[in-house]
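Notes for the structure review
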Amino acid sequence: MRLLAIVPNLYDTSPGQRFRIEQWEPLLRERGVEITYAPFLDEELSSVLYRQGQMGKKLSHVVRRFGGRLSDVRSAQDFDAVYIFREAALFGPPIFERMIRRKVPFIFDFDDAIFVSYRSPSNGYLSYLKFAAKASTICRLASHVMVGNPYLAEYSRQFNPNVTMIPTTIDLDKYQVVERTGDPQPVVIGWTGSFSTVQHLDTLRGALRKLAQRERFRLRVVGTPEYNLEGVDVEAMDWRADTEVGDLTPCDIGIMPLPDDKWSKGKCGLKALQFMALGTPVICSPVGVNTDIIQDGENGYIADSENEWVEKLGALIRSAELRKRIGLAGRATVEERYSATVQAPRVFEVFQSVIAQKPQVAASQLRESRTAMRQHG
């Protein structure tokens, strides 16, 4: 099975890509799937896109990459199917998806509420060129849609009956439980994200200040080089793919705060799952899929107010035994439902089903072409 993966980002640089198609690739290869990656970003565009400003430079690189995407579309017919993660181009309407649909069936996979308009802190008004409404069109064009949680599945089924929910997964060969001896001083509370999502951590500023008046802890922030919070011992660092697991391992407690909005409801719980896979107890906001992953007090905690955050973080800080029990229960949840080895066979079945439809898709395309010819004389 030869698959062309139309993806937004360079290999091993984006969490969504890394924890979905890139992570599944070795397991799919064992089943005979050969994947060729075609990212929209290249090194030049990637180096400026997520920095503030430089709009002219960003636009010139985007226009240049549209030409590269046309080349990818031309090569699509050499593959059995195409896998599209999120969108074929970072900006603009679904032009390339329509072109691909005329050549070969494709699978559409997304793990965020990409149908909700979102203004990036890095790109400001350039974000509005993303055409969030195109998600519905891509769902209609796709032979099959894969999504990361029930909220996204409900949206997709409005436009396509062939929808499979595949949760974002963890490679448990990389994420291992580390045996913790003694009681760490101080306990480390960890958060991981990016420059664009650090605003989520900001929602806990009051709770963390209040907690610091009662308990001794250090806040480890992975994803931004600086994070200042008066009255709290903070260490901040950039996110790096090659040190990600090592940067999260020292955390004794993981946190995943989220605002309760349409965009956040599309989140697939990745940050919580990363901590859980390491055997680290996690506390999450009751938003989106978090309440499906976490059973409060059993394999993690749900906190819905400042007082709940302070209370539950305090309980974990004070008890190494509680941290261990909750952490190991979280690890078991990942092993049972959210590991790559459990979900990759289901992804393979989706790919097989799409390729089996290829003759039907070709016939449908032929009918569309004949209709278009008659309409235009």
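The sections below set out a description of the structure shown in this document. Just so we're clear, the structure is a prediction, and the values are computed from it rather than from any experiment.

The rules behind the values
Residues numbered from 1 in each chain as written. Predicted model: local features only at pLDDT ≥ 70, side-chain atom pairs only at ≥ 80, totals over all residues. Heavy atoms only, no water. Pairing = 2+ DSSP bridges. Helix = DSSP H or I, 4+ residues; strand = E, 2+ residues; numbered from the N terminus. Axes fitted to C-alpha atoms, helices over the stretch in contact; angles between N-to-C directions. Contact = heavy atoms within 4.5 Å. Buried < 20%, exposed > 50% of the residue type's maximum accessible area, 1.4 Å probe, protein only. Right-handed = clockwise from strand over helix to strand, strands pointing away. Core = buried A, V, L, I, M, F, W, Y, C linked by side-chain atoms within 4.5 Å. Phe/Tyr/Trp six-rings, centres within 6.5 Å; stacked < 30°, edge-to-face > 60°. Lys NZ or Arg CZ within 6 Å of the ring centre and 35° of its normal.

**Things to note about the sheet that holds strand E6 (residues 163-165)**
The strand order across the open sheet built from six strands is E2-E1-E3-E4-E5-E6, with neighbouring strands paired in parallel fashion. On the outer flanks of this sheet lie strand E2 (34-39) and E6, each paired with one strand and no other. Strand-to-strand, the axes of this sheet are offset by a mean angle of 20°, without reference to chain direction. Relative to strand E5 (residues 144-147), strand E4 (residues 106-110) is paired through four bridges, and the arrangement is parallel. From the neighbouring strand, Phe110 faces E5, where its bridge partner is Val147. Each of strand E1 (2-7), E2, strand E3 (81-85), E4 and E5 is contacted by helix H2 (residues 21-29), which is oriented at about 160° to E2, the strand it contacts most.

**Digging into the environment of Arg18**
Take Arg18: it is sitting in helix H1 (residues 15-18). What makes Arg18 buried here is its relative accessible area of 13%. Through-space distance from the C-alpha of Arg18 to that of Thr169 is 9.7 Å; in sequence the pair is 151 residues apart. Apart from the residues lying within four places of it in its own chain, the contact partners of Arg18 are Asp12, Thr13, Gln23, Trp239, Ala241 and Glu244.

**A word on the pairing of E5**
A two-sided burial pattern is seen for E5, the buried positions comprising His144 and Met146 on one face and Val145 and Val147 on the other. Pairing geometry for E5 and E6, over three bridges, is parallel. Counted as the bridge partner of Val145 is Val163 from E6. Taken together, E5, helix H7 (residues 150-156) and E6 constitute a β-α-β crossover, and its handedness is right-handed.

**Some details on the nonpolar core**
Of all hydrophobic cores here, the largest spans 38 residues; its most connected members are Val82, Phe106, Phe108 and Phe110. Listed by contribution, the elements that provide at least two residues to this core are E1, helix H4 (55-75), E3, helix H5 (95-101), E4, helix H6 (134-141), E5 and H7. Counting residues per element, this core draws most heavily on H6, at four residues. With residues near it in sequence (within four places) discarded, Phe110 still touches Phe85, Arg86, Phe115, Cys139, Val145, Met146, Val147, Gly148, Leu152, Tyr155 and Ser156.

**Digging into the packing of aromatic side chains**
Scanning all chains against the criterion turns up nine aromatic pairs. Seen from their ring centres, Phe40 and Phe66 are 5.7 Å apart, and the 90° between their planes marks the pair as edge-to-face. Taken as a pair, Phe40 in the loop between E2 and helix H3 (43-49) and Phe66 in helix H4 lie far apart in primary sequence, 26 residues in all. Take Phe40: its relative accessible area is 1%, and that puts it in the buried class. A relative accessible area of 25% means that Phe66 is categorised as partly exposed. A connected cluster of aromatic rings, assembled from ring pairs, spans Phe115, Tyr151, Tyr155 and Phe159. One cation-aromatic arrangement involves Arg2 over Phe79; the distance from NZ or CZ to the ring centre is 4.5 Å.

**Overview of the pairing of E1**
When you tally the buried positions in E1, you get five out of six residues, the bulk of the element. Taken together, the six bridges between E1 and E2 define a ladder with parallel strand orientation. Bridged to Val7 within E2 is Pro39. Two strands pair when backbone bridges link them, and E1 and E3 are joined in this way by four bridges, in the parallel orientation. From the neighbouring strand, Ile6 faces E3, where its bridge partner is Ile84.

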